[in-house]
Amino acid sequence: MDATTGSTTTVTVTGAGGQIGYALLFRIASGAMLGPDRPVRLRLLEIPQGLASAEGTALELQDGAFPLLRGVDVTDDPRTAFEGASIALLVGARPRTAGMERGDLLAANAGIFGPQGAALNAVAADDVQVLVVGNPANTNALIAAASAPDIPAERFAALTRLDHDRALAQLAVALDAPVADIHGVTIWGNHSATQFPDVAHATVAGRPVPDALAERLGGADAARAWLDDVFIPRVAQRGAEIIRVRGSSSAASAANAAISHVRDAVHGTEWTSAALVSHGEYDVPEGLVCSFPVTSDGDGYRVIEGLELDERGRRRLDASVAELVAERDAVRALGVI
Ligand code: NAX
């Protein structure tokens with residue numbers, strides 16, 4: 001049998017006319033996300049101002065003559081876009097503009113992610129999995145999940161895989177080791193500057209990362225200082241660094257991380273990071289969308305439980321969770337959830 005004749009999966013991408021959309025869609029069509037035996041139908045959602053860009057991308061997708069691509073629809077109607085979707089990548093969001101307060105930003109995005117959650121609830125496939133990329137990603141995911149009461153909350157996630165991959169890459173350089181040799185890194189908390197990239201349980205070629213760092217940097221104190229003063233801020237503020245150097249925000253690396261997130265959710269993986277709806281793991285208040293260490297057996301992610309957090313780690317996680325609580329409370333005050 002031709003490997004491309006399996007049943008077709010509908011994948012919806014919002015903000016499809018934007019820069020992450022452009023870096024994402026061709027890889028989905030090529031099979032990089034769901035695999036070489038899974039035909040896909042793409043549904044691209046945009047706002048009216050973004051439709052022409054998405055339509056241009058759809059023409060180029062056609063010109064790619066991808067054997068797995070079974071069709072591309074472009075629409076500005078969320079219900080049409082999410083009809084039958086098994087994978088929904090919520091990329092489009094309202095960016096922060098000059099003079100905008102955090103409350104305004106949350107309100108503007110609630111006006112996007114509330115209705116999109118409701119549309120998913122109404123028309124998506126029974127097995128839909130939702131990944132929120134658009135910022136503020138954790139709280140946007142919380143709003144979408146709250147607006148979709150019939151979809152299990154476990155099916156919603158916010159992207160912190162880019163932060164995870166940034167952490168792996170920085171460690172690989174510092175340890176002069178291949179990325180593939182490093183395991184057990186965690187991004188905790190919010191996808192924001194308060195996130196906590198944690199190497200306490202990480203290994204490099206089977207050896208604890210803290211020990212390997214101490215050896216390379218001249219002792220445990222030097223390793224600690226490097227983690228606190230270089231590694232954590234560099235990872236947490238890498239998005240700003242990319243904007244400074246590139247002149248616009250991360251696009252291909254964000255798209256790559258979104259592809260990896262979904263691929264590993266549906267094909268399984270050992271340890272990675274994703275922001276999931278908390279059930280109280282690690283004392284993170286229930287219902288917050290918080291980044292955790294996660295694993296997947298091919299049926300979505302679940303939190304890796306039972307890890308020790310030392311006092312410094314606990315403080316960092318608590319600070320990020322406090323920010324998530326403040327975002328949730330602001331959204332609650334708006335009457336959105
Ligand atoms: P762009 O401005 O290039 O594209 C966003 C697109 O979304 C635009 O075409 C816009 O018309 C569309 N859009 C806006 N509101 C919409 C709605 N209600 N329905 C459908 N489409 C809508 O931004 P891009 O660089 O692609 O980034 C997209 C989002 O990803 C931003 O919110 C950005 O902050 C966020 N990011 C998240 C990352 C993460 O790791 N979670 C990293 C990369 C990125 O910063």
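Numbers given to residues run from 1 along each chain, matching the order in which its sequence is written. The predicted nature of this model means local features are confined to residues of pLDDT at least 70 and side-chain atom pairs, given and counted, to a pLDDT of 80 or more, with totals for whole chains, interfaces and linings taken over all residues. Note that water and hydrogens are dropped before the side-chain values are worked out from all heavy atoms of the structure.

## Thoughts on the sheet that holds strand β4 (residues 87–90)
Overall, mixed pairing links the nine strands, which are arranged β3-β2-β1-β4-β5-β6-β12-β13-β14 in an open sheet. Either end of the sheet is taken by a strand with one partner, and the two such strands are β3 (69–75) and β14 (301–303). Each neighbouring strand pair of the sheet contributes to a mean axis angle of 30 degrees, computed without reference to strand direction. Two strands make a pair as long as DSSP finds a minimum of two bridges between them. Only DSSP runs of H or I reaching four residues or more are called helices, and only runs of E reaching two or more are called strands; each is numbered from the N terminus. Where strand β5 (residues 129–132) lies against strand β6 (residues 156–158), three bridges are found, and the strand directions are parallel. Bridge assignment links Leu 131 to a residue of β6, and that residue is Ala 157. Of the strands in this sheet, β1 (9–14), β2 (40–45), β4, β5 and β6 touch helix α4 (residues 102–123), which is tilted by about 175 degrees from β4. The sheet contacts of helix α6 (residues 161–175) involve β12 (269–277) and β14, and relative to β12 the element is tilted by about 140 degrees. Axis definition: a line fitted to C-alpha atoms, over the contacting stretch in the case of helices. Angles run 0 to 180 degrees between N-to-C directions. Residues count as neighbours in contact if any of their non-hydrogen atoms are within 4.5 Å of one another.

## Digging into the pairing of β3
Within a regular strand, the side chains alternate between the two sheet faces. Bridge count for β2 against β3 is five bridges, and the pairing is parallel. Counterpart to Leu 45 in the pairing with β3 is Thr 75. Crossover handedness is defined here as right-handed if the route from the first strand over the helix to the second strand goes clockwise, with the strands pointing away from the viewer. Considered for its hand, the β-α-β crossover made up of β2, helix α2 (residues 51–63) and β3 is right-handed.

## What to know about helix α5 (residues 137–146)
The rule is simple: take the accessible area with a 1.4 Å probe, protein chains only, and divide by the maximum for that residue type; under 20% is buried, over 50% is exposed, in between is partly exposed. With nine of ten residues buried, α5 lies mostly within the body of the structure. Every buried residue of α5 is listed here: Ala 137, Asn 138, Thr 139, Asn 140, Ala 141, Leu 142, Ile 143, Ala 144 and Ala 145.

## Here we look at the site of the ligand
Within the structure, the ligand sits among 22 residues, and Gln 19, Ile 20, Glu 46, Val 133 and Asn 135 are positioned closest to it. At 2.9 Å from an oxygen atom of the ligand is found a main-chain nitrogen or oxygen belonging to Gln 19. Between the ligand and the protein, one listed contact pairs a nitrogen atom with a backbone N or O atom of Val 133 at 3.3 Å. Residue burial considers only the protein chains on display, and all accessible areas are found by Shrake-Rupley using a 1.4 Å probe. Out of a free accessible area of 880 Å², the ligand has 80% covered by protein chains. For this purpose, a residue is taken to be near a molecule or strand whenever a single non-hydrogen atom of the residue falls within 4 Å of it. Between N or O atoms, a polar contact is any pair within 3.5 Å; within protein, one atom must be a potential hydrogen donor and the other a potential acceptor, and residues adjacent in sequence are included only when both atoms are from side chains.

## Quick notes on the side chain of Ser 86
Along the chain, Ser 86 turns up in the loop between α3 (78–82) and β4. Look past the residues within four positions of Ser 86 in its chain and what remains in contact with it is Thr 9, Thr 10, Ala 125, Asp 127, Val 128 and Gln 129.

## Brief notes about a nonpolar patch on the surface
On the surface, a cluster of nonpolar side chains totalling about 210 Å² of accessible area is made up of Leu 334, Val 336 and Ile 337. Mapped onto the secondary structure, Ile 337 falls in the segment after α11 (311–333). Patch membership requires more than 30% relative accessible area and the absence of a salt bridge. Residues of like charge join within 9 Å; the nonpolar side chains Val, Leu, Ile, Met, Phe, Trp and Tyr join within 5 Å. Only one rule defines a salt bridge in this text: a Lys or Arg side-chain nitrogen within 4 Å of an Asp or Glu carboxyl oxygen.

## A closer look at the packing of aromatic side chains
Working definition: a ring pair exists when centres of Phe, Tyr or Trp rings (six-membered ring for Trp) sit within 6.5 Å. Plane angles under 30 degrees give stacked, over 60 give edge-to-face, the rest tilted. Evaluated as defined, the whole model comprises six aromatic pairs. On the numbers, 6.4 Å between centres and 55 degrees between planes, the contact of Phe 26 with Phe 66 is tilted. Taken together, the residues span a long stretch of sequence, with Phe 26 in helix α1 (residues 19–30) and Phe 66 in the loop between α2 and β3 at a distance of 40 residues. For Phe 26, a relative accessible area of 19% corresponds to the buried category. Taking 6.5 Å as the distance between ring centres and 80 degrees as the angle between the ring planes, the aromatic pair formed by Trp 188 and Phe 292 counts as edge-to-face. Taken together, the positions of Trp 188 in strand β8 (residues 186–188) and Phe 292 in strand β13 (residues 289–296) put the pair 104 residues apart, joining distant regions of the chain. When sorted by exposure, Trp 188 lands in the same class as Phe 292, which is buried. By the ring-pair criterion, three or more aromatic residues cluster together here, those being Tyr 22, Phe 26 and Phe 66.

## Some remarks on unusual backbone geometry
In this model, Asn 135 is joined to Pro 136 through a cis peptide bond whose omega is -5 degrees. Relative to the helices and strands, Pro 136 is located in the loop between β5 and α5. A positive phi angle, near 45 degrees, is found at Ala 65, a position not held by glycine. Mapped onto the fold, Ala 65 is located in the loop between α2 and β3. Of note in this structure, Asp 176 is not a glycine but carries a positive phi near 50 degrees.

## Some words on the domain arrangement of the protein
Domain assignment breaks the protein into domain 1 (9–158) and domain 2 (161–329). Note that domain bounds follow an automatic or database assignment of domains. Relative to domain 2, the C-alpha centre of domain 1 lies at a distance of 24 Å. Of the residues lining the interface, 28 residues belong to domain 1; the matching set on domain 2 comes to 36 residues. A simple way to read buried area is as the amount of 1.4 Å-probe accessible surface that goes missing from two parts once joined, with both sides added. Taking both partners together, domain 1 and domain 2 bury about 2,400 Å²; carbon and sulfur atoms supply 61% of that area. Where domain 1 touches domain 2, the interface holds zero salt bridges.

## A few points about the pattern of salt bridges
Applying the stated criterion to the full structure yields 16 salt bridges. For the salt bridge of Asp 228 with Arg 224, the shortest nitrogen-to-oxygen distance reads 3.6 Å. With Asp 228 and Arg 224 both in helix α8 (residues 220–236) and four residues apart, this pair spans about one turn of that helix. Residue Arg 224 is classed as partly exposed on the basis of its relative accessible area of 32%. With a shortest N-O distance of 3.3 Å, Arg 328 and Asp 329 are connected by a salt bridge. The class for Arg 328 is buried, based on a relative accessible area of 13%. Residues joined in a network through salt bridges with shared partners are Arg 161, Asp 165, Arg 263 and Asp 264.

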